[in-house]
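Listed below are the residues making up each chain.
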Amino acid sequence: MKALDELTFDNRFARLGDAFSTHVLPEPLDEPRLVVASNAAMALLDLDPAVAETPVFAELFSGHKLWAEAEPRAMVYSGHQFGGYTPQLGDGRGLLLGEVYNEAGEHWDLHLKGAGMTPYSRMGDGRAVLRSSIREFLASEALHALGIPSSRALCVIGSSTPVWREKQERGAMVLRLAHSHIRFGHFEYFYYTKKPEQQAELAEHVLNLHYPECREQPEPYMAMFREIVERNAEMIAKWQAYGFCHGVMNTDNMSILGITFDFGPFAFLDDFDAHFICNHSDHEGRYSFSNQVPIGQWNLSALAQALTPFISVDALKEALGLYLPLYQAHYLDLMRRRLGLTTAEDDDQKLVEQLLKLMQNSGVDYTLFFRRLGDESAALAVARLRDDFVDLAGFDAWAERYKARVARDGDYSEVQRRERMHAVNPLYILRNYLAQNAIAAAESGDYSEVRRLHEVLSKPFEEQVGMEQYAQRPPDWGKHLEISCSS
Ligand code: AMP
Ligand code: MG
């Protein structure tokens, strides 16, 4: 275990120089206080969880103090936003404080979001509000606990600094961790500004540090792009299987590592709805739940375009062609497991699609349906779940097919079935209304609800005593909440 002043820095991205990022000091927040910290994320830096409670912790992650070895930088990038190209974005309110490596030899970027203005702030104030910082913290740690690749969050620090959005709110900072903060948009920036040397330097950097195994391949860049395609296909398959809607899949929010990144108006589905749009400024539904799959490919194509100086168009096309089949294979594999199946049959895809259609028509709770399906034998479970469906004949027909499919799958005891299914079907997910409750309490100075919710979500598959209220469908007020897109 390390104390806060024992972190070891190795700022590899900062060393790329001023063409890639700009030195900027964080602008401190007033009266910093710890809102919540993640022990699991602290462990990634070998930090003793007890240090989160010390005053210096809140000072470090609110811009008041800085390690001598930290080299805070705002990164430059661009990206396609809602399909249109924006030539320059960049860290407008976040800073890469530096890269820390832990005892296991892993490098972690320390990224402080809400750290003040940078040369890339455009019209923004460089700040993040408490509400959106809590949402990012809860989401990144909850996704990780579900097994969905994500950036991580170390802590949220609140403050008394006023920040204006639709109304006056308070500024906060979230300390984000990831092996890299390089986005698709980094490559697009150097491609569209016609800076081939820097683009090559960036590509070498990513290859050497993040895809070293691709170095062994005959065409290392090609191998790296293929790996990026694969990771994205897998990440998005997991989003779809668990009902996660990102909301702002612009290419500047897509990580080169294939992790979920840059949380805004995201939501987990309550009732299953393929057409769900969590971002209410997304009028055309470009980033609706079901569109996430083709948009994943669209974004990879945008990255491919930026990689044309290194990889032939034919090879890029071939790699892009892997996306959909890989996505489908991962998705179906996960959905089979969610249904309790251990073998594969050709008609399984249909079985899943029919179920989702029935759930859609009846507004069935996506998370609880699968959890309850594993509570008992297939026959008993479907008999009990039947009441949730409006189209009873349709559900009965599906239930018969499902029971027959389960019978062909194997002969398991109820206990085996429950254990296997509960290990992939969470009881607790980050429902918007749960986040809203925690945020409302935090805004009035009570952080206990954020902390409790974070704890519950860190073990989403495990039934936790006394936590029944976190495993319920939303109350009427909590359905279809409009989450502000300002953050
Ligand atoms: P996002 O939609 O959060 O991914 O942000 C898109 C771009 O806007 C990025 O370049 C952000 O750094 C920038 N940005 C978002 N909010 C602010 C803010 N309050 N101040 C400055 N820049 C911001
Ligand atoms: Mg962003």
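Residues numbered from 1 in each chain as written. Chains lettered and ligands numbered in written order. Predicted model: local features only at pLDDT ≥ 70, side-chain atom pairs only at ≥ 80, totals over all residues. Heavy atoms only, no water.

J.: Would you explain the domain arrangement of the protein chain in this entry?
T.: Interfaces are often sized by the amount of accessible area the parts lose when they come together. Looking at the protein chain, the domain boundaries give domain 1 (4-181) and domain 2 (185-332). Computed over C-alpha atoms only, the centres of domain 1 and domain 2 are separated by 22 Å. Taken residue by residue, the interface counts 35 residues in domain 1 and 39 residues in domain 2. When domain 1 packs against domain 2, the two sides together hide about 3,300 Å² of surface, and 66% of this comes from carbon and sulfur. Among the residues of domain 1 in contact with domain 2, Phe20, His80 and Phe82 are the three that bury the most area, contributing 20% of the side total. There are one salt bridge connecting domain 1 and domain 2. Salt-bridge contacts for arginine 176 lead to aspartate 262; the nearest nitrogen and oxygen are separated by 2.7 Å. Counting the contacts that link domain 1 with domain 2 gives 13 residue pairs in polar contact (both at pLDDT 80 or more). Broken down by element, the residue count for the side of domain 1 that touches domain 2 peaks at six residues, all from helix H3 (residues 130-146). Of the residues in the side of domain 1 that touches domain 2, the class split is 17 nonpolar, 13 polar and five charged. (Domains from an automatic or database assignment. Contact = heavy atoms within 4.5 Å. Buried area = accessible area lost by both parts, 1.4 Å probe. Salt bridge = Lys/Arg side-chain N within 4 Å of Asp/Glu carboxyl O. Polar contact = N/O pair within 3.5 Å; in protein donor to acceptor, adjacent residues only side chain to side chain. Helix = DSSP H or I, 4+ residues; strand = E, 2+ residues; numbered from the N terminus. Nonpolar A, V, L, I, M, F, W, Y, C, P; charged D, E, K, R; others polar.)

J.: I'm lost on the coordination of the magnesium ion (ligand 2) in this one. Help?
T.: A metal bound by six donors in octahedral fashion has ideal angles of 90 or 180 degrees, whereas one bound by four tetrahedral donors has an ideal angle of 109.5 degrees. At the metal site, the magnesium ion (ligand 2) is ligated by Asn253 (OD1) and Asp262 (OD), and these contacts range over 1.9 to 2.1 Å. Each member of the pair, asparagine 253 as well as aspartate 262, is classed as buried. (Donors = N, O, S within 2.8 Å, 3.2 Å for Na, K, Ca; no water. Buried < 20%, exposed > 50% of the residue type's maximum accessible area, 1.4 Å probe, protein only.)

J.: Help me understand the state of the cysteines in this model?
T.: One covalent bond between the sulfur atoms of two cysteine residues makes up a disulfide. Scanning all chains against the criterion turns up zero disulfides. The thiol sulfur of cysteine 245 is not disulfide-bonded, and the nearest other cysteine sulfur, from cysteine 278, lies at 3.7 Å. Residue cysteine 245 is classed as buried on the basis of its relative accessible area, which comes to 0%. (Disulfide = S-S within 2.5 Å.)

J.: Is there a simple way to explain the site of ligand 1 in this structure?
T.: The local shell around ligand 1 holds 15 residues, among which Gly90, Gly92, Asp125, Gly126 and Asn253 are the closest. The contact in question runs from a nitrogen atom of ligand 1 to an N or O atom on the backbone of arginine 127, over 3.3 Å. Asparagine 253 is positioned with one of its side-chain polar atoms (N or O) 3.0 Å from an oxygen atom of ligand 1. For ligand 1, whose unbound accessible area comes to 480 Å², protein coverage reaches 79%. (Near = heavy atom within 4 Å. Areas by Shrake-Rupley, 256 points an atom, 1.4 Å probe, with all protein chains shown as cover.)

J.: Quick question: what am I supposed to make of the pattern of salt bridges here?
T.: Pairing of side chains with opposite charge becomes possible as their charged atoms draw close. Taken as a whole and judged by the stated rule, the model has 33 salt bridges. Across the pair aspartate 262 and arginine 183 runs a salt bridge, and its minimum N-O distance is 3.0 Å. Residue aspartate 262 is located in the loop between strand E12 (244-245) and strand E13 (267-268), and its partner arginine 183 is located in the loop between strand E11 (168-178) and helix H4 (184-192); the two are separated by 79 residues in the primary sequence. Owing to a relative accessible area of 13%, aspartate 262 belongs among the buried residues under this scheme.

J.: Explain the side chain of aspartate 252 here, please?
T.: Tracing the sequence through the fold places aspartate 252 in the loop between E12 and E13. This buried residue, aspartate 252, is left without a salt bridge; arginine 183 holds the nearest opposite charge, at 5.4 Å. Residues contacting aspartate 252, with those up to four places away along its chain left out, are Tyr77, Ser78, Gly79, His80, Gln81, Leu89, Arg183, Gly185 and Asp262. (Lys, Arg positive; Asp, Glu negative; His and termini not counted.)

J.: It is not clear to me how the pairing of strand E10 (residues 152-164) should be interpreted in this structure. Could you clarify?
T.: Regular strands have side chains that alternate between both faces of the sheet. A large share of E10 lies buried, amounting to eleven of its 13 residues. As judged from the four bridges shared by strand E3 (residues 33-37) and E10, these two strands associate in the antiparallel manner. Residue pairing in the sheet places alanine 37 in a bridge with cysteine 155 of E10. Direction of pairing for E10 relative to E11: antiparallel, over a ladder of nine bridges. From the neighbouring strand, isoleucine 157 faces E11, where its bridge partner is methionine 173. (Pairing = 2+ DSSP bridges.)

J.: Can you walk me through the environment of phenylalanine 461 in this structure?
T.: Looking at where phenylalanine 461 falls in the secondary structure, it is placed in the segment after helix H16 (448-457). The partly exposed category is assigned to phenylalanine 461, whose relative accessible area is 22%. With 13 residues separating them in the primary sequence, phenylalanine 461 and serine 448 have C-alpha atoms 22 Å apart. For phenylalanine 461, the residues in contact, after removing those within four places along its chain, are Ala145, Leu146, Tyr242, Arg371, His422, Ala423, Val424, Asn425 and Pro426.

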